[in-house]
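# Remarks on the overall topology
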Amino acid sequence: GIYTKTINVDGVDQSGIVYKVSRFLADEDINIESLTSKRLVSPETGTAIYAMEIKAQIPEEISLERLEKGLSQVGEELNLEIVIG
């Protein structure tokens, strides 16, 4: 079976965000149902912020814990906040 989760990714805009997050999901056999993203500018600092929302279909043999651990490693690498909802 499959369960669906929403993954929200936020961080300073930089190359590799979409690639690294989607590469991790693909390596785990997780299907991306939809991906929306937007680029915002922080009013306080003027920094470009990249926000991405992924609807992911996750095979039930992949635990939420494993997903969180893997995504937090990607997050640490790129200094992103990744929240699974």
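Read on for a plain summary of the structure. (Residues numbered from 1 in each chain as written. Predicted model: local features only at pLDDT ≥ 70, side-chain atom pairs only at ≥ 80, totals over all residues. Heavy atoms only, no water.)

## What about the pattern of salt bridges?
Threshold: Within this document, salt bridges are pairs made up of a side-chain nitrogen of Lys or Arg and a carboxyl oxygen of Asp or Glu, the two lying within 4 Å of each other. For the purposes of this entry, the term helix denotes a DSSP run of H or I that reaches at least four residues, the term strand denotes a run of E that reaches at least two, and both are numbered from the N terminus. Here's how the labels work: a residue is buried when its accessible area is under 20% of the maximum for its type, exposed when over 50%, partly exposed in between, all with a 1.4 Å probe on protein chains only.
Applying the stated criterion across every chain, the model contains five salt bridges. Taking the shortest distance from any N to any O, the salt bridge between K20 and E77 comes out at 3.2 Å. Within this pair, whereas K20 is found in helix α1 (residues 17-27), its partner E77 is found in helix α2 (residues 64-78), the two being separated by 57 residues in sequence. In this structure K20 comes out as partly exposed when scored by relative accessible area, which is 33%. With its nearest N and O atoms 3.0 Å apart, the salt bridge here joins R23 to D27. Taken together, the residues span about one helical turn, with R23 and D27 both in helix α1 at a distance of four residues.

## Brief notes about α2
For an α-helix, 3.6 residues make a turn, and residues three or four places apart therefore share a direction. Going by this rule: To estimate the expected span of a helix, subtract one from its residue number and multiply by 1.5 Å. In this context, the arc is that of the directions from the helix axis out to the C-beta atoms.
With 15 residues, α2 ought to run about 21 Å at 1.5 Å a step, and its terminal C-alpha atoms sit 21 Å apart, in line with that. Where α2 is concerned, the buried positions are L67, G70, L71, V74, G75 and L78. Projection of α2 onto a plane perpendicular to its axis shows the buried side chains occupying an angular sector of 145°, all on one side. Turned more than 90 degrees off the buried face of α2, the exposed positions are E65, K69, Q73 and E76. Phi turns positive one or two residues past the end of α2, at N79, with a value near 55°.

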